[in-house]
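Structural overview
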Amino acid sequence: MKTNPVDNEFAEKYKNTGYSDVLVPPTEAADEYLTDLKTYTLDSYIKIITGEEDIDFFDEYVEEFNSTGGQQIIDEINEMMNAGK
């Protein structure tokens, strides 16, 4: 299959690695916990959406999220923001 050189040029110009975390600035806690928290979040949302878990599970999700590094990320970001004032 032949491709148009213009299409190839466009694809190369705008190729990227995908999603970027623009909402979470780099912090030590984010580096340590964010990968696992993203996985936990996705799994939890899928369980709620598919009905495997009731919507009330969201409260449990938030508690677990915060206790496994989420709150530490929030605290570090708030500290960074307050230092910039």
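Source: prediction; values computed, not measured. (Residues numbered from 1 in each chain as written. Predicted model: local features only at pLDDT ≥ 70, side-chain atom pairs only at ≥ 80, totals over all residues. Heavy atoms only, no water.)

Some remarks on the nonpolar core
- In this structure, Ala29, Ala30, Leu34, Leu37, Ile73 and Ile77 together form the largest nonpolar core, which totals six residues.
- Of all the elements in the fold, those that place two or more residues in this core are helix 2 (28-50) and helix 3 (57-83).
- The element best represented in this core is helix 2, accounting for four residues.
- Residue contacts for leucine 37: discarding those within four places in its chain leaves Phe65, Thr68, Gly69, Gly70 and Ile73. (Core = buried A, V, L, I, M, F, W, Y, C linked by side-chain atoms within 4.5 Å. Buried < 20%, exposed > 50% of the residue type's maximum accessible area, 1.4 Å probe, protein only. Helix = DSSP H or I, 4+ residues; strand = E, 2+ residues; numbered from the N terminus. Contact = heavy atoms within 4.5 Å.)

Re helix 2
- Over its 23 residues, helix 2 runs 34 Å from end to end, which matches the ideal 33 Å to within 8%, given 1.5 Å per residue.
- Residue leucine 34 marks the point of greatest curvature in helix 2, where the axis turns by about 50°.
- Where helix 2 terminates, the next one or two residues include glycine 51, which has phi positive at roughly 90°. (Expected span 1.5 Å × (residues − 1). Bend = angle between axes of the 7 residues up to and from the residue.)

Quick notes on a nonpolar patch on the surface
- Together, Tyr45, Ile49, Ile55, Phe58 and Val62 line one region of the surface with nonpolar side chains, adding up to about 490 Å² of accessible area.
- Listed by contribution, the elements that provide at least two residues to the nonpolar patch are helix 2 and helix 3.
- Mapped onto the elements, tyrosine 45 comes out in helix 2.
- Owing to a relative accessible area of 37%, tyrosine 45 belongs among the partly exposed residues under this scheme. (Patch = residues over 30% accessible without salt bridge, like charges linked within 9 Å, V, L, I, M, F, W, Y side chains within 5 Å. Areas by Shrake-Rupley, 256 points an atom, 1.4 Å probe, with all protein chains shown as cover. Salt bridge = Lys/Arg side-chain N within 4 Å of Asp/Glu carboxyl O.)

Observations regarding the environment of phenylalanine 58
- As for its position among the elements, phenylalanine 58 is in helix 3.
- Exposure remark for phenylalanine 58: the relative accessible area of 34% places this residue in the partly exposed category.
- Along the backbone, phenylalanine 58 and threonine 41 are 17 residues apart, and their C-alpha atoms lie at a distance of 10.0 Å.

Side note on the packing of aromatic side chains
- In this structure the tally under the stated criterion is five aromatic pairs.
- Between the aromatic rings of tyrosine 61 and phenylalanine 65, the centroid separation amounts to 5.8 Å while the plane-to-plane angle is 50°, which identifies the pairing as tilted. Within this pair, tyrosine 61 and its partner phenylalanine 65 are both found in helix 3, separated by four residues, close to a single helical turn.
- According to the relative accessible area criterion, tyrosine 61 is buried, its value standing at 6%.
- The structure contains a cluster of three or more aromatic residues connected by ring pairs, namely Tyr40, Tyr45, Phe58, Tyr61 and Phe65. (Phe/Tyr/Trp six-rings, centres within 6.5 Å; stacked < 30°, edge-to-face > 60°.)

What about the side chain of serine 44?
- Its location among the elements puts serine 44 in helix 2.
- Residues within four places of serine 44 in sequence aside, it is in contact with Phe57 and Tyr61.

Describing the packing of helix 2 against helix 3
- Interaxial distance between helix 2 and helix 3 falls to 9 Å at its minimum, and their mutual angle equals 165°. Judged by the angle between their axes, helix 2 and helix 3 are roughly antiparallel. Judged by the twist between their axes, the crossing of helix 2 over helix 3 is left-handed. Of the residues in helix 3, those touching helix 2 at Glu28, Ala29, Ala30, Tyr33, Leu34, Leu37, Tyr40, Thr41, Ser44, Tyr45 and Ile48 are Phe57, Phe58, Glu60, Tyr61, Glu64, Phe65, Thr68, Gly69, Gly70, Gln72, Ile73 and Glu76.
- In terms of residue class, the contact of helix 2 with helix 3 is built from 13 nonpolar, six polar and four charged. (Axes fitted to C-alpha atoms, helices over the stretch in contact; angles between N-to-C directions. Parallel < 35°, antiparallel > 145°, perpendicular 65-115°, else oblique. Left-handed = near helix turned anticlockwise from the far one by under 90°. Nonpolar A, V, L, I, M, F, W, Y, C, P; charged D, E, K, R; others polar.)

Keep in mind these values describe shape, not function.
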